[in-house]
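Observations on the three-dimensional arrangement
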Amino acid sequence: MSLTKTIKCKIREDLKFTGREISAKLVISKNKAPNGKNVTYIFAWKNDMYFFIPIADIYLDANNRELIMPKGCPVYVAHELFRDIIPSSKYKGYSVFAPDSDFAPIFKEAEFPDGRKIWLMVYDEIVLHYYTWAVEYGDEEEWKEDYLSTHQINVRERLEAKKEREEDALYQMAKELNDELFEEAGYDFMD
């Protein structure tokens, strides 16, 4: 079994890319709040999809003539990118990319057969890593495996470390209580 899996971007059959694209860094640099500060990607969840929401008009050219993403106009986000989107603590009710995400999104223009054009937040390819973990069902343990993003692996490892710390704390507390009971009962000779 391979340690990594690469996923290449696919779009619906009725859509085709036009060849126009914008780097994610350029979109962020043009996505400025009214106070002039750049704003990261902000996603809204609607109809079982995430949408990138520009908070400012985003132009393709430096002269601000070719408007490509009007302010507030939702941009579809590719489903595979959902794995690294988390609720935002800064922007209430919205989501952002996890700080440890290693995805490299890109904005591409796509066209419907009838000539309508839309912008999509997609990726060229995503590398996922093989990962196994244990799931406990009472006294039994079952091993699961899947290909996960770096962010998903970090989340799992943080949860496992937290669980281990809690179990260690419970063990230490039980040991101390047990030692106290032995001392009260006069069994000082036991270590």
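Conventions and cut-offs
Residues numbered from 1 in each chain as written. Predicted model: local features only at pLDDT ≥ 70, side-chain atom pairs only at ≥ 80, totals over all residues. Heavy atoms only, no water. Helix = DSSP H or I, 4+ residues; strand = E, 2+ residues; numbered from the N terminus. Buried < 20%, exposed > 50% of the residue type's maximum accessible area, 1.4 Å probe, protein only. Contact = heavy atoms within 4.5 Å. Areas by Shrake-Rupley, 256 points an atom, 1.4 Å probe, with all protein chains shown as cover. Lys, Arg positive; Asp, Glu negative; His and termini not counted. Charge placed at Lys NZ, Arg CZ, Asp CG, Glu CD. Phe/Tyr/Trp six-rings, centres within 6.5 Å; stacked < 30°, edge-to-face > 60°. Lys NZ or Arg CZ within 6 Å of the ring centre and 35° of its normal. Core = buried A, V, L, I, M, F, W, Y, C linked by side-chain atoms within 4.5 Å. Salt bridge = Lys/Arg side-chain N within 4 Å of Asp/Glu carboxyl O.

1. Points about the overall build of the chain
When helices and strands are tallied, the chain shows two helices and 13 strands. Its C-alpha atoms give the chain principal-axis dimensions of about 85 × 45 × 25 Å. Within the chain, buried positions represent 31% of all 191 residues. Considering only contacts within the chain whose residues lie at least 6 apart along the sequence, 54% involve residues at least 24 apart. Surface summary for the chain: the accessible area is close to 13100 Å², and the carbon and sulfur share equals 52%. The averaged location of the 36 negative side-chain charges in the chain is 16 Å from the averaged location of its 26 positive side-chain charges.

2. Here we look at the packing of aromatic side chains
Taken as a whole, this structure holds nine aromatic pairs when the rule is applied. Ring geometry for Phe43 against Tyr50: centres 6.3 Å apart, planes inclined by 70°, an arrangement best described as edge-to-face. For the pair formed by Phe43 and Tyr50, the shared burial category is buried. Chaining the aromatic ring pairs together yields one cluster made of Phe43, Trp45, Tyr50, Phe82 and Phe97. The ring of Phe112 carries Arg116 above its face, with NZ or CZ at 4.2 Å from the centroid. We note Arg156 situated over the ring of Trp133; from NZ or CZ to the ring centre the distance is 3.8 Å.

3. Describing the nonpolar core
Ranked by size, the top nonpolar core spans 34 residues in total, and within it Phe43, Phe52, Met69, Val77, Leu81 and Phe107 carry the most contacts. Elements that contribute at least two residues to this core include exactly helix 1 (24-30), strand 4 (49-52), strand 6 (67-69), strand 7 (75-77), strand 10 (105-111), strand 11 (117-123) and strand 12 (125-137). Ignoring anything within four residues of it in the chain, the contact list for Leu81 reads Phe97, Phe103, Pro105, Met121, Val122, Tyr123 and Ile126.

4. Looking at the pattern of salt bridges
Between side chains of opposite charge, a pair can form as their charged atoms come close. In total, this model carries 11 salt bridges according to the counting rule given. In this structure, Asp114 and Arg116 form a salt bridge, with 2.9 Å as the shortest nitrogen-oxygen distance. With a shortest N-O distance of 3.4 Å, Glu142 and Lys144 are connected by a salt bridge. Assessed through its relative accessible area of 35%, Glu142 is described here as partly exposed. Residue class for Lys144 comes out partly exposed when judged on its relative accessible area of 31%. Each of Arg20, Glu66 and Glu109 takes part in salt bridges that share partners, so that together they form one network.

These results come straight from atomic positions and should not be treated as a statement about function.
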